[in-house]
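Notes for the structure review
Chain by chain, the residues run as shown.
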Amino acid sequence: MNYIKTTAAALAATMCMASTAIADTSVCLITKDATNPFFVKMAQGAFAKAAELGVELRTFAGKFDGDHETQVSAIETCIAAGADGILLVASDTKSITSSVQQARDAGLVVLALDTPLDPIDAADMTFATDNFRAGELIGAWAAKSMGDTSSAKIGLLNINVSQPTVGVLRNQGFLTGFGIDIKDPSKWGDETDPRIVGQELSNGNAEGGREGMENLLAINPGINVVYAINEPAAAGAYEALKSLGREDDVIIVSVDGSCPGVEDIAAGTIGATAQQYPMDMAAMGLEAIAKAVETGEMPAATEGKNFFDTGVGLVTNAPVDGLEQLSVEEGLDLCWG
């Protein structure tokens with residue numbers, strides 16, 4: 001039985017949302033930018049669910065990932081327009097909380113998507129991938145693929161120096177899955193395990209991944225395990241390794257599960273990725289707001305967590321024992337972008 005499809009069915013049953021049209025409900029979706037395929041797919045999921053439920057949906061986005069001011073303006077616009085709720089993918093998880101509180105004080109339901117606010121309870125609920133679990137899955141896969149991890153030389157490609165919540169969770173999850181003591185789980189870089197060569201920044205893109213990988217190889221050209229924050233960074237790392245003829249003897253793992261990322265697994269560029277489901281994330285979040293407006297019932301967190309877990313799957317072309325895994329074909333059926 002397909003693990004992810006089973007998980008999605010269980011999530012839907014847990015939510016028990018109404019599927020009837022909800023008149024006169026207005027929701028705003030605010031994402032980090034309008035071009036990232038993850039957010040494009042998220043908007044598609046939200047629009048499809050809005051059409052199904054008869055909810056009015058307006059979308060807003062930053063000019064770029066990190067454009068905090070535009071997101072603040074979007075929240076103010078939604079409040080002034082009398083929206084009932086906001087789905088928010090925050091660029092600045094701390095600074096946005098005062099604007100979120102203004103929206104909640106005005107009676108709007110605010111759900112964080114993908115990226116938890118800081119603190120997480122600044123939003124009414126968070127609908128997200130368990131990013132720590134995503135990292136843990138690829139870390140465990142890398143360790144099992146390697147076998148004897150005592151000779152591991154690990155390079156980590158993070159997103160940027162601000163250590164946003166998602167980046168920390170993926171990084172610390174990976175190290176935990178690989179069997180490394182992470183010290184303080186709220187930040188990366190304080191680990192003392194000698195197998196860690198270094199941590200570099202990638203800005204989550206291919207160019208940054210290549211440059212970060214080059215910096216890591218300058219520290220230790222024998223790196224044999226690479227964690228990347230996402231698949232573009234992983235692809236950049238692969239190119240840097242390929243230029244040295246080392247592309248076939250390094251394990252590369254990442255998080256996201258985009259269609260290009262899954263294709264990179266099929267091509268052997270990436271060993272495994274943890275796949276997210278942005279369409280489901282947005283659709284579930286919009287349905288939760290619609291139900292809260294209709295009944296006053298706020299969405300509940302997944303049991304044992306402080307957020308609603310929208311699912312994650314491990315996609316690989318080289319399965320290992322002891323982990324639930326999706327084939328490349330299954331990953332392509334569920335991918336985005």
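Figured I'd write up the structure that's included with this text. (Residues numbered from 1 in each chain as written. Predicted model: local features only at pLDDT ≥ 70, side-chain atom pairs only at ≥ 80, totals over all residues. Heavy atoms only, no water.)

1. Topic: the sheet that holds strand β7 (residues 196-201)
Note the threshold: Between any two strands, at least two bridges found by DSSP are needed for them to pair. Runs of H or I in DSSP of at least four residues are treated as helices and runs of E of at least two as strands, each being numbered from the N terminus. Only the stretch in contact is used when fitting a helix axis, every axis being a line fitted to C-alpha atoms; angles between N-to-C directions are given from 0 to 180 degrees. Residue contacts follow a heavy-atom distance rule, with two residues in contact if any of their heavy atoms lie within 4.5 Å.
Strand order in the open sheet formed by six strands is β7-β6-β8-β9-β10-β12, with mixed pairing between adjacent strands. Every other strand in the sheet has two partners, leaving β7 and β12 (313-316) as the edge strands with one partner each. Along the sheet, successive strands turn relative to each other by an average axial angle of 15°, direction set aside. In this structure, strand β8 (residues 225-228) lies alongside strand β9 (residues 251-256), joined through three bridges in parallel fashion. In the sheet register, Tyr 227 faces β9, and the bridge partner there is Val 253. Along the sheet, helix α5 (residues 131-146) makes contact with β8, β9, β10 (272-275) and β12, crossing β9 at roughly 160°. With respect to the sheet, helix α7 (residues 206-219) is in contact with β6 (154-158), β7 and β8, its orientation differing from that of β7 by roughly 150°.

2. What to know about the pairing of strand β5 (residues 125-128)
Rules: Relative accessibility decides the category of a residue: with a 1.4 Å probe and only protein chains considered, values under 20% of the type maximum give buried, values over 50% give exposed, and everything between is partly exposed.
Taking every second residue as pointing to the same face, both faces of β5 are buried, with Met 125 and Phe 127 on one and Thr 126 and Ala 128 on the other. In the sheet, strand β4 (residues 109-113) pairs with β5 via three bridges, with the strands oriented parallel. The residue bridging Ala 112 from the neighbouring strand is Thr 126, located in β5.

3. Points about the side chain of Arg 195
If you trace the backbone, Arg 195 turns up in the loop between α6 (165-178) and β7. If sequence neighbours within four positions are ignored, Arg 195 has contacts with Thr 149, Ser 150, Ala 152, Lys 153, Ile 154, Phe 178, Gly 179 and Ile 180.

4. Comments concerning the nonpolar core
Nonpolar side chains in soluble globular proteins generally cluster together in the buried interior. The cut-off we apply is this: We define a nonpolar core as any set of buried Ala, Val, Leu, Ile, Met, Phe, Trp, Tyr and Cys residues linked to one another through side-chain atoms lying within 4.5 Å.
Core analysis: the largest hydrophobic core is formed by 53 residues, its most contacted members being Trp 141, Phe 174, Phe 178 and Met 213. Among the elements that line this core, the one with the most residues is α5, at seven residues. One finds Leu 53, Val 55, Leu 113 and Ala 290 within the second-largest nonpolar core, a separate group that totals 28 residues.

5. Side note on the environment of Ala 83
Mapped onto the elements, Ala 83 comes out in the loop between α3 (68-80) and β3 (85-88). Each C-alpha atom, one on Ala 83 and one on Ala 106, is 9.7 Å from the other, the two residues being 23 residues apart in sequence. Excluding anything up to four places from it in sequence, Ala 83 contacts Ser 26, Cys 28, Cys 78 and Leu 108.

6. As for the state of the cysteines
Test applied: Cysteine sulfur atoms that come within 2.5 Å of each other are treated as a disulfide pair.
By the definition in use, this model includes two disulfides. Through a disulfide, Cys 28 is tied to Cys 78; the S-S separation comes to 2.3 Å. Here the S-S torsion is close to -120°, and the disulfide linking Cys 28 with Cys 78 is therefore left-handed. With Cys 28 in strand β1 (residues 26-31) and Cys 78 in helix α3, this pair connects stretches of sequence that are 50 residues apart. Note on cysteine connectivity: Cys 259 is disulfide-linked to Cys 335, with sulfurs 2.0 Å apart. Between Cys 259 and Cys 335, the disulfide has an S-S torsion of 90° and is therefore right-handed. Within this pair, whereas Cys 259 is found in helix α9 (residues 259-267), its partner Cys 335 is found in the segment after α11 (328-334), the two being separated by 76 residues in sequence. Grouping residues by exposure puts Cys 259 and Cys 335 together as buried. Should the bonded cysteines of the protein chain be numbered as they appear in the sequence, the pairing reads 1-2, 3-4.

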